[in-house]
Amino acid sequence: MKQNKTAQWIVGGIALLLLPFMLQYFGNAWVRIADLALLYVLLALGLNIVVGYAGLLDLGYVAFYAVGAYLFALMASPHLSETFASFAAIFPNGLHTSLWLVIPLAALVAAIFGAVLGAPTLKLRGDYLAIVTLGFGEIIRIFLNNLDHPVNLTNGPKGIGQIDSVKVFGLDLGKRLEVFGFDISSVTLYYYLFLVLVVLSVIICYRLQDSRIGRAWMAIREDEIAAKAMGINTRNMKLLAFGMGASFGGVSGAMFGAFQGFVSPESFSLMESVMIVAMVVLGGIGHIPGVILGAVLLSALPEVLRYVAGPLQAMTDGRLDSAILRQLLIALAMIIIMLLRPRGLWPAPDHGKSLTQKT
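Residues numbered from 1 in each chain as written. Predicted model: local features only at pLDDT ≥ 70, side-chain atom pairs only at ≥ 80, totals over all residues. Heavy atoms only, no water.

Draft legend 1. Up close: the overall build of the protein. Helices and strands together make up the secondary structure of the protein, namely 15 helices and four strands. A globule of 359 residues ought to have a C-alpha radius of gyration of about 21 Å, and the protein, at 21 Å, matches this closely. For the protein, the C-alpha atoms occupy an extent of roughly 60 × 50 × 50 Å along the three principal directions. Taking contacts inside the protein between residues at least 6 apart in sequence as the whole, the part at least 24 apart equals 74%. Only carbon and sulfur atoms are counted for the fraction: they give 68% of the accessible area of the protein, which is about 18700 Å². The average position of the 24 basic charges and that of the 20 acidic charges among the side chains of the protein differ by 10 Å. (Helix = DSSP H or I, 4+ residues; strand = E, 2+ residues; numbered from the N terminus. Rg over C-alpha atoms; globule rule 2.2 N^0.38 Å. Contact = heavy atoms within 4.5 Å. Areas by Shrake-Rupley, 256 points an atom, 1.4 Å probe, with all protein chains shown as cover. Lys, Arg positive; Asp, Glu negative; His and termini not counted. Charge placed at Lys NZ, Arg CZ, Asp CG, Glu CD.)

Draft legend 2. Spatial organisation of the pattern of salt bridges. Enumeration over the complete set of coordinates arrives at four salt bridges. The shortest N-O distance in the salt bridge between glutamate 222 and arginine 221 comes to 2.8 Å. One salt bridge in this structure joins glutamate 224 and lysine 238, with 3.0 Å as the shortest N-O distance. One end of the pair, glutamate 224, is in helix α10 (residues 224–229); the other, lysine 238, is in helix α11 (residues 234–260), with 14 residues separating them in the sequence. (Salt bridge = Lys/Arg side-chain N within 4 Å of Asp/Glu carboxyl O.)

Draft legend 3. Spatial organisation of the side chain of threonine 154. Mapped onto the elements, threonine 154 comes out in the loop between α7 (126–146) and β1 (167–168). Looking at threonine 154, its side chain comes within polar contact range of the main-chain oxygen of leucine 144, at 2.7 Å. Contact partners of threonine 154, with chain neighbours within four places excluded, come to Tyr70, His79, Phe143, Leu144, Leu147, Asp148, Gly159 and Ile160. (Polar contact = N/O pair within 3.5 Å; in protein donor to acceptor, adjacent residues only side chain to side chain.)

Draft legend 4. Up close: the packing of aromatic side chains. Taken as a whole, this structure holds 15 aromatic pairs when the rule is applied. Measuring from centroid to centroid gives 6.2 Å for phenylalanine 21 and tyrosine 192, while their planes differ by 45 degrees, and the two rings are tilted. Here the residue phenylalanine 21 occupies a position in helix α1 (residues 2–26), and tyrosine 192 occupies one in helix α8 (residues 186–209), the gap between them amounting to 171 residues. Aromatic side chains phenylalanine 87 and phenylalanine 91 sit 5.2 Å apart centroid to centroid with 40 degrees between the ring planes, which places their arrangement in the tilted category. Assessed through its relative accessible area of 35%, phenylalanine 91 is described here as partly exposed. Aromatic rings pair up to connect Tyr65, Tyr70, Phe256 and Phe268 into one cluster. (Phe/Tyr/Trp six-rings, centres within 6.5 Å; stacked < 30°, edge-to-face > 60°. Buried < 20%, exposed > 50% of the residue type's maximum accessible area, 1.4 Å probe, protein only.)

Draft legend 5. Representation of a nonpolar patch on the surface in the model. A cluster of nonpolar side chains, namely Leu328, Leu332, Ile335, Ile336, Leu339 and Leu340, defines an oily patch on the protein surface of about 640 Å² accessible area. Within the element layout of this structure, leucine 332 appears in helix α15 (residues 322–340). Residue leucine 332 is classed as partly exposed on the basis of its relative accessible area of 43%. (Patch = residues over 30% accessible without salt bridge, like charges linked within 9 Å, V, L, I, M, F, W, Y side chains within 5 Å.)

Draft legend 6. Expanded view of the environment of aspartate 35. Mapped onto the elements of the fold, aspartate 35 is located in helix α2 (residues 28–53). Relative accessible area serves as the criterion here: at 0%, aspartate 35 is assigned to the buried category. For the pair formed by aspartate 35 and proline 20, sequence separation is 15 residues and the distance between their alpha carbons is 9.1 Å. If we ignore the near neighbours within four places in the chain, the residues touching aspartate 35 are Val187, Tyr190, Tyr191, Phe194 and Phe259. From its side chain, aspartate 35 meets the backbone nitrogen of tyrosine 191 in a polar contact 3.4 Å long.

Have a look at this one:
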């Protein structure tokens, strides 16, 4: 049994390593979809800490995604040097920060924003918590949209461009690489970077799940009053959940900024937050494999449905917009799945029950 499980892990690992080359055969657009799916997996794993482990409904999670993206944009583009003369005197070409500094810094800054969000919501639950976090996400987006005057920090709705690509050990992931005559595209190189980050995040999530902190979060999720009576510091545990979950969003946002080369407030709308929550709920709240499955399905589904929406639009003589039709198909698919599988596609075996010692 153990040998079969090891063989499955090996086969799965080889499949993930070869996936971009198989997708590259059909076009780089499919590899790009896989890259974005991995970024959404990172976001969903982070939100799962807040929603799945601690039971705190967060509808403003996209704010931390935006914080990470704009942090990298400011640190890896000439925007600050072009805007502020005093900054240009010190860094005439702008900051071009290393990846090894950006990732921990994005995690730290996003975690601080997560704690700032969590602090005033400690006594809120359910719908009230959802409304406050939703408002926080919208406030961040509006700030990003309007911080182009009197001081131009975010360049407002025009966004920030000319963002550096990621460089790892001297290898520029924004350029094609030729190995033994075989051409490896930029999107394929980014795929492997994102895959490494996802694997590290999964390991961290599993370690957290089985730790004392993870058990404390689950106790708060099941019954906060009972958890407090058992001596758990619910205030600190909630703040830690918000901060830890936000750090995943910050790292994912930084990678998104590097991958796109451009960030603007339009990328961080309320719909993004709703989609990330849907990924966690659709896959299975609190269950890491389920969350990964939900993130992959919901990030890839809109692209796959392009091929369905086109013929349907032709049948109506173009009266229905294809983008609206795709959203309708996604909504219908989600409704059907949740009716058939109310606990998610791959639910946790012990979710909603008393926690027992694993054997």
